[in-house]
Amino acid sequence: MYTMGIDVGSASSKVVILEDGKRIVAAEVVQVGTGSSGPQRALEMAYKTSGLTREDMAAVVATGYGRFAFEDADKQISEISCHAKGIFYLVPTARTIIDIGGQDAKAIRLDSKGGVKQFFMNDKCAAGTGRFLDVMARVLETTVDKLAECDEKAEEAVPISSTCTVFAESEVISQLSKGVDRNSIIKGVHQSVASKACGLAFRGGLEDDVVMTGGVARNAGVVRAVARELKRNVIVAPQPQTTGALGAALFAYEEAKKMKKEGLE
Amino acid sequence: MSVTTEGMKAKELLAYYQAKADQDARDAKARGDLVCWSASVAPPEFCVTMGIAMVYPETHAAGIGAKKGALDMLEVADRKGYSIDCCSYGRVNMGYMELLKEQAITGKTPEVLANSPAAKVPLPDLVITCNNICNTLLKWYENLAVELDIPCIVIDVPFNHTMPIPEYAKSYIADQFRNAISQLEVICGRPFDYKKFQEVREQTQRSVYQWNRIAKMSHYKPSPLNCFDLFNYMALIVACRSLDYAEITFKKFADELEENLKAGVYAFKGAEKTRVTWEGIAVWPYLGHTFKSLKALGTIMTGSAYPGLWDLSYDAHDESLHSMAEAYTRIYINTCLENKVNVLLNIVNNGQCDGIVYHLNRSCKLMSFLNVETAEIIKEKTGLPYVQFDGDQTDPRNFAPAQFDTRVQALAEMMEANMAE
């Protein structure tokens, strides 16, 4: 039985196809999200990789910011539950999840069965999210995928104290104009992102293992900053951008089994 | 208005008396009688005794917000220099007042006012305020009084850092009441009518009694009442509690709910899946959205402390006024964290709630700042899941529907997971 999870985010679209709720047969990411061609392109890529079609899917669950805009799903489930499901499947020892996506930062606490005990999210502000890093990369004349490399070369982290993304951008420009080392500014930017996300994690009470997920978890500089801030090891989820879609595919599997059972009865 | 109210349903009575209260104020103004703008939990008993028509800026602003007219008023206040960090009820009201003032001075109705969905209310001849729900109300009403050059009656109600409320606090507040009476005698140019005062207090208690009857209907499971309805009906407990308008409407609504309960007619036609307490003021510009989002999840609101602010039960025959003073100071947001938690716990338990939604309201610092701590304590005591969302009572710019939806959906999923265990 095949099931599919689609995570229509604000900045990217992710699709995972599962076989029998266990084997990942496709996991695709397109770097544009809701309202764009992203969801459709991610779907097409997943079908191509797996050699399957929509008819082969026993159930489809949509999650993410654009979950209600995606019409071809059997069910919509919040990204909080989906990330929890996906991470717990990949890392059963996970008890604290830090998920930093395009416009959201979340901290989720799990119980020993993988259920969501508590979660905290950023308020309506993009500071400390993927968008924040996009803006900073532009002003620092680099790209998001090179930030971690620059961070590693830095000798120190220059504090970036402004909460507002726009003001933080001005702060970075001001540091650059003073001739401060660019890599140290990047490390400071990562520290700023980590400090906001960890603030959410501390509110829920920390418990090991701490797992990072979401697109920003691909940035090793932010992961190191989070580990420093939390003073503990941080596990990065395998393919961190697709854990929400994986959770959705797992929920779809449960849904399909339920539908099958109800159908038989 | 010579319409007969006989045979009207509660919903019709609500609309009728809301419109009538505004009409009363306009008529009073036209006759040359006094109109008073009042803070929502300031005692109306003194002004009503003196035959003064009452207008409630907070209710008025909420109505403007619900009718999607807040932004126009907020922009007027912005231009006058009011910071967006100030309460949006206050800013909507200051904007509205500025437009009315301009109209009065120039004789021309500003276009913004002419196009506004705001209920038409007249400018005040005096204002009365009370700091039992926040201190912004002091500066807000002082500003109204200064801008319009009219008297401002302030009833000072100290914060209760410990409970129970000490006698000296009640005594102090009773003196504040007597001082307000003296001020009114000067403003009105006639002695205070204590016999009428007695009747007004009795009327207020009858209104409060019927209001509490409604609130208790959400204790049943399934519930005949969705507490979102309290957000609508509360316009009358705020604005007309010392008149029979409130009593008549609430009695009708409580009777209807009791009949529905007996007949097995519940608020949700389908089964209610989960029950929540909503802590904080409604998001008026998105009242429909918040209601529908929860309803789509099968989540009914069976607890809310905000309408409970007007459970102003007191002994109407207590001439020391200590009982009335006690009622006006024990408002849960005027008390220590421990008491606030206890009040909310009762609401959660009585409503048989499965979770709690906390509105972190940019406008209402007093209600919101304590919510982070309150949420943690209640979680510890009940184990119930909760969510907090960012919003605002009347500034639509401070609320994001998608962010709200994600949070409440996750809460519903957590509540359902708990129930499945």
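Refer to the preceding data block for the structure.
Summarised in this report is the structure supplied together with it. Quick caveat: nothing in here was measured; it's all calculated off a predicted structure.

## As for the layout of surface pockets
Of the volumes computed, that of the second largest pocket is approximately 1,200 Å³. Along the walls of the second largest pocket sit 40 residues, with A:S81, A:F251, B:E413, B:M414 and B:E416 positioned nearest its centre. Of all elements in the fold, only β5 (75–76), α2 (79–90), β8 (116–121) and α8 (243–264) of chain A together with α12 (287–296) and α16 (401–420) of chain B reach the threshold of two or more residues within the lining of the second largest pocket. No other element matches the ten residues that α16(B) contributes to the lining of the second largest pocket. Of the residues assigned to the lining of the second largest pocket, the class counts are 15 nonpolar, nine polar and 16 charged. Counting contributing residues per domain, the lining of the second largest pocket is built from domain 1 (2–83 + 242–264) and domain 2 (93–236) of chain A, each supplying no fewer than three.

## Side note on the packing of helix α14 (residues 337–350) of chain B against helix α15 (residues 365–382) of chain B
All names here are of chain B. Where α14 contacts α15, the axes come no closer than 10 Å and their chain directions differ by 60°. Judged by the inter-axis angle, α14 sits oblique to α15. The two elements α14 and α15 cross, and the hand of that crossing is right-handed. From α14, L337, K340, V341, L344 and L345 reach across to α15, where they touch M367, L370, N371, E373, T374, I377, I378, K381 and T382. Residues that form the contact of α14 with α15 fall into these classes: eight nonpolar, three polar and three charged.

## Notes on the interface of chain B and chain A
Across the contact, 22 residues belong to chain B and 22 residues belong to chain A. A combined buried area of about 1,700 Å² lies between chain B and chain A, and 47% of that area is made up of carbon and sulfur atoms. The tally of links between chain B and chain A comes to zero salt bridges. Remark: the boundary between chain B and chain A carries nine residue pairs in polar contact (both at pLDDT 80 or more). Looking at the side of chain B that touches chain A element by element, the count peaks at nine residues for α16(B).

## Here we look at the pairing of strand β4 (residues 152–155) of chain B
All names here are of chain B. Because side chains alternate across β4, one face comprises the buried residues I153 and I155, and the other comprises C152 and V154, none of which is buried. As judged from the four bridges shared by strand β3 (residues 126–130) and β4, these two strands associate in the parallel manner. Bridging across to β4, T129 finds its partner in V154. Handedness of the crossover joining β3 and β4 through helix α7 (residues 136–148) is recorded here as right-handed.

Parameters and conventions
Residues numbered from 1 in each chain as written. Chains lettered and ligands numbered in written order. Predicted model: local features only at pLDDT ≥ 70, side-chain atom pairs only at ≥ 80, totals over all residues. Heavy atoms only, no water. 1 Å grid on protein atoms, 1.4 Å probe; cavity = no way out; pocket = protein on both sides within 12 Å on 5 of 7 lines; lining within 4 Å. Points joined across faces, edges and corners; volume = space filled by probe spheres on them. Helix = DSSP H or I, 4+ residues; strand = E, 2+ residues; numbered from the N terminus. Nonpolar A, V, L, I, M, F, W, Y, C, P; charged D, E, K, R; others polar. Domains from an automatic or database assignment. Axes fitted to C-alpha atoms, helices over the stretch in contact; angles between N-to-C directions. Parallel < 35°, antiparallel > 145°, perpendicular 65-115°, else oblique. Left-handed = near helix turned anticlockwise from the far one by under 90°. Contact = heavy atoms within 4.5 Å. Buried area = accessible area lost by both parts, 1.4 Å probe. Salt bridge = Lys/Arg side-chain N within 4 Å of Asp/Glu carboxyl O. Polar contact = N/O pair within 3.5 Å; in protein donor to acceptor, adjacent residues only side chain to side chain. Buried < 20%, exposed > 50% of the residue type's maximum accessible area, 1.4 Å probe, protein only. Pairing = 2+ DSSP bridges. Right-handed = clockwise from strand over helix to strand, strands pointing away.

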